[in-house]
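# Summary of structural features
Each chain, written out:
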Amino acid sequence: KVDPDEQERRKKQNSKRIRGQNKSRPHMKPTSYDNRRLCPSIIQERETKCVYGDKCKFIHDVAEYMALKPADVGEHCYLYDTFGKCHYGLSCRFARAHISADLKNLANEERVKAMEGRTPVRNSLDKDLQWRLRKKVVPFTASDAYMKTVFKGGHKAGEGWKKAATAENGKARCLPFGKLQVSQENLALVKTIGPLTDADVIKLRQCEKKQVDFKDKLYLAPLTTCGNLPFRRICKRFGADITCGEMAMCTNLLQGQSSEWALLKRHESEDLFGVQVEGCFPDTMTRCAELLNNKIDVDFVDINSGCPIDLVYKKGGGCGLMTRTNKFEQIIRGMNSVLDVPLTVKIRTGVQEKANIAHKLIPEMKKWGVSMITLHGRSREQRYTKSADWDYINTCSQLASPIPLFGNGDILSYYDAMKARETEVSGIMLARGALIKPWVFTEIKERRDWDISSSERLDVLRDFTHYGLEHWGSDTQGLEKTRNFLLEWLSFMCRYIPVGLLEQVPQRINERPPYYMGRDYLESLMASQHVGDWIKISEMLLGPVPKNFNFLPKHKANAYK
């Protein structure tokens, strides 16, 4: 006979919700689905032969490659239809749309001419800069000058450099806060090139920097994995005002890692765009800010001091910065001193569940020169399980005034947004709500519930795959990468309950529905929490999966067995 206490314990264990990340999940790289690839010299139809000759690891025999290549997915190539030419040529999985009988890549000259001079995506990493970053020969003059002030003891705890532009004999200069004498012979000799401009002598004051109007905007949160460029394009189309790139590690950016720099890319449709960086030391963060300021086109730079994951927190980054106020101040002041665009900060209520500290930090951040603050109404320990504390967000927004403060947490409908706007926040940030239903931006702006049909949702997913093929490529590698990100997004989108089926409007973000049947087969399929059904939806848009395909979502809460 089973002991009743043991039975009760097992029941609780089985009913406990799975949390965290699937760290041991099977991870298949997109390259593993296409082992035998065609040489780039043939794909790009270069006049010269492959420089690697017989040592090249790719296939040079076109007939052999065509025999091995998987079947085409569709009749029309989105890249060819949009740009007039598909640069993936024979390797494209929609190649029959633009490959002639003699296996030559065709081009629509009229369309190509119309697209001339247009740069749809900016902020790419060029090879020369990548080489210089890897060799550590990129100069960081402004960052080094700031760090000298920190190491000389001019940046004590609770103090800092207060820039006061004073006119003396017709010249402007910056003085530190406190008495600090710097003799002329101690100043480092700097080799100069070209004429001396006003910008070299006088640093821009806070009020002279580029101004961004954040008030009453809808802000799409920087979302790791799912907040990629194709997804941001979808949200822009539905009415998002501000977009931000995924969190990038400052050390990886300084090392010139291509994968990290890809997170900074900006599409032409993103009219108000920022990048988010993470780090825990003032020297690396200041250098990273100077690098971004000189090399990429952004409207603001955001510091991530709200990331709850252990990998970041244990190093002192993310939420860890909230408890390291001296370092946090040095980072903010340092980045502000080298940036020509506004600096924003994203924080949580605190680290521990019942020990809020944001209200203590916000008045200090105002002094440090932050242009905007975003507050997620949960602590690090709470993660996403408890409801966001909007009363506390309201209190903090009053403390932050006149600096704009955006509230974040639990916004999934027009009703949630209206309730949030009853507080004194300057705007609203949406994260999981946008992943579950990206049309929430339209609902908020039009003040209505949208009972979107399953076919309309499939069209949204189809547009995402088109943008994905444009961004990651239309060959096998790019197609499978698009599929992977589509499946990650579907692991959130399956939580959406159609308005027409709700017993009570609106749907709450942390409520999980029981299993239900939709109004048609596609709606039922989209409501499924089984990975196999998400793969079926991906096959409708991107063709059959490879034989060795395997997928498990990043978050355990999304992986129902």
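Under an unreviewed UniProt entry, the protein chain has the name tRNA-dihydrouridine(47) synthase [NAD(P)(+)] and belongs to Oncorhynchus kisutch. For the record of the protein chain, the UniProt heading Cofactor (unreviewed entry) holds the text "FMN".

A separate point is the pattern of salt bridges. The full count for this structure, using the stated rule, is 30 salt bridges. Residues Arg-333 and Glu-329 are paired through a salt bridge, measuring 3.0 Å at the closest nitrogen-oxygen approach. A residue pair is termed a helical-turn pair when its members lie 3 or 4 positions apart in one helix, as Arg-333 and Glu-329 do in helix α14 (residues 325-338) at four residues. You can call Glu-329 buried: its relative accessible area is 3%. In this structure, the salt-bridge partner of Asp-410 is Arg-432, at a minimum N-O distance of 3.7 Å. Of the two residues, Asp-410 sits in the loop between β12 (405-408) and α17 (414-421) while Arg-432 sits in helix α18 (residues 432-436), which places them 22 residues apart along the sequence. A relative accessible area of 14% places Arg-432 in the buried class. Connected via shared salt-bridge partners are Lys-69, Asp-72, Glu-75 and Arg-96.

Once that is clear, we can look at the packing of aromatic side chains. As enumerated under the stated definition, the model contains 10 aromatic pairs in all. Chaining the aromatic ring pairs together yields one cluster made of Phe-214, Tyr-219, Phe-300 and Phe-406. When the ring centre of Phe-238 is taken as origin, the NZ or CZ atom of Arg-237, which lies over that ring, is 5.5 Å away. Above the face of the Phe-281 ring, Arg-324 is positioned so that its terminal group lies 6.0 Å from the ring centre.

Bringing unusual backbone geometry into the picture now. Cis rather than trans, the peptide bond between Ser-401 and Pro-402 has omega equal to 10°. Of note, Pro-402 is situated in the loop between α16 (390-400) and β12. With an omega dihedral of 5°, the bond running from Val-505 to Pro-506 counts as a cis peptide bond. Topologically, Pro-506 is positioned in the loop between α21 (476-493) and α22 (521-527). Positive phi, normally seen in glycine, also occurs at Asp-216, with a value near 55°. The residue Asp-216 is located in the loop between α8 (198-201) and β4 (218-220) in this model. For Asp-216, a relative accessible area of 53% translates into the label exposed. One non-glycine residue, Arg-447, lies in positive phi territory at about 55°. Among the structural elements, Arg-447 can be located in the loop between α19 (440-446) and α20 (454-472).

Grouped together as the largest cluster of nonpolar side chains are 132 residues, with contacts concentrated most on Ile-303, Met-335, Met-365, Phe-441 and Trp-489. Residue contributions to this core peak at eight residues, all from α21. In this view, Ile-303 contacts Gln-276, Val-277, Met-285, Leu-321, Phe-328, Ile-331, Ile-332, Met-335, Leu-343, Thr-344, Val-345 and Lys-346; residues no more than four positions away in its chain are not counted.

With 14 residues, α14 should cover 20 Å at 1.5 Å per step; its first-to-last C-alpha distance of 20 Å lies within 8% of that length. Summarising burial for α14: 11 of the 14 residues are buried, a large majority. Of the positions making up α14, those classed as buried are Phe-328, Glu-329, Gln-330, Ile-331, Ile-332, Arg-333, Gly-334, Met-335, Asn-336, Ser-337 and Val-338.

Side chains on a regular strand alternate between the two faces of the sheet. Counting buried positions over the six residues of strand β8 (residues 273-278) gives six, a clear majority of the element. Along β8, one buried face is formed by Phe-273, Val-275 and Val-277 and the opposite face, lined by Gly-274, Gln-276 and Glu-278, is buried too. When strand β5 (residues 243-244) meets β8, the two strands line up parallel, connected through two bridges. The residue bridging Cys-244 from the neighbouring strand is Gly-274, located in β8. With two bridges joining them, strand β6 (residues 248-249) and β8 adopt parallel strand pairing. Looking across to β8, one finds that Ala-248 is bridged to Val-277.

It is worth spelling out the confidence of the model for the protein chain at this point. Per-residue confidence for the protein chain averages 85 on the pLDDT scale, and 83% of its residues sit at or above 70. Within the model, pLDDT remains below 50 along residues 154-190, and this stretch shows 43 contacts once partners closer than five positions in the same chain are excluded.

In this structure's numbering, the residues bearing the UniProt feature "zinc finger region: C3H1-type" (unreviewed entry) are residues 33-63 and 76-101. Along residues 33-63 the backbone is 19% helical and 0% strand, and the end-to-end C-alpha distance reaches 20 Å. Secondary structure across residues 76-101 divides into 23% helix and 0% strand, with the first and last C-alpha atoms of the span separated by 16 Å.

Summarising burial for strand β10 (residues 343-348): six of the six residues are buried, a large majority. Of the two faces of β10, the one carrying Leu-343, Val-345 and Ile-347 and the one carrying Thr-344, Lys-346 and Arg-348 are both buried. In this structure, β10 lies alongside strand β11 (residues 372-376), joined through five bridges in parallel fashion. By the bridge assignment for β11, Lys-346 is matched with Thr-374.

Along the chain, Ala-527 falls in helix α22. A residue is classified by how much of its surface remains accessible, and Ala-527, at 12% relative accessible area, is buried. Taking the C-alpha atoms as reference, Ala-527 lies 6.7 Å from Arg-495; in sequence the two are 32 residues apart. Non-local contacts of Ala-527, meaning those with residues more than four positions away in its chain, are made with Cys-494 and Tyr-516.

Positionally, Glu-246 belongs in the loop between β5 and β6. Although Glu-246 is buried, it forms no salt bridge, and the closest oppositely charged side chain is Arg-232 at an N-O distance of 5.2 Å. Engagement of the side chain of Glu-246 in a polar contact is seen with the backbone nitrogen of Thr-225, the distance being 2.9 Å.

The next thing to look at is the packing of helix α12 (residues 282-295) against α14. At a minimum axis separation of 8 Å, α12 and α14 run at an interaxial angle of 20°. Viewed along their axes, α12 and α14 adopt a mutual orientation that is roughly parallel. α14 is crossed by α12, and the crossing has right-handed handedness. On α14, the residues that touch Pro-282, Met-285, Thr-286, Ala-289, Glu-290 and Asn-293 of α12 are Lys-327, Gln-330, Ile-331, Gly-334, Met-335 and Val-338. Grouping the amino acids of the contact of α12 with α14 by side-chain chemistry returns six nonpolar, four polar and two charged.

Calculation notes
Residues numbered from 1 in each chain as written. Predicted model: local features only at pLDDT ≥ 70, side-chain atom pairs only at ≥ 80, totals over all residues. Heavy atoms only, no water. UniProt positions renumbered as here; feature names shortened; annotations may be inferred. Salt bridge = Lys/Arg side-chain N within 4 Å of Asp/Glu carboxyl O. Helix = DSSP H or I, 4+ residues; strand = E, 2+ residues; numbered from the N terminus. Buried < 20%, exposed > 50% of the residue type's maximum accessible area, 1.4 Å probe, protein only. Phe/Tyr/Trp six-rings, centres within 6.5 Å; stacked < 30°, edge-to-face > 60°. Lys NZ or Arg CZ within 6 Å of the ring centre and 35° of its normal. Core = buried A, V, L, I, M, F, W, Y, C linked by side-chain atoms within 4.5 Å. Contact = heavy atoms within 4.5 Å. Expected span 1.5 Å × (residues − 1). Pairing = 2+ DSSP bridges. pLDDT = per-residue confidence, 0-100. Lys, Arg positive; Asp, Glu negative; His and termini not counted. Polar contact = N/O pair within 3.5 Å; in protein donor to acceptor, adjacent residues only side chain to side chain. Axes fitted to C-alpha atoms, helices over the stretch in contact; angles between N-to-C directions. Parallel < 35°, antiparallel > 145°, perpendicular 65-115°, else oblique. Left-handed = near helix turned anticlockwise from the far one by under 90°. Nonpolar A, V, L, I, M, F, W, Y, C, P; charged D, E, K, R; others polar.

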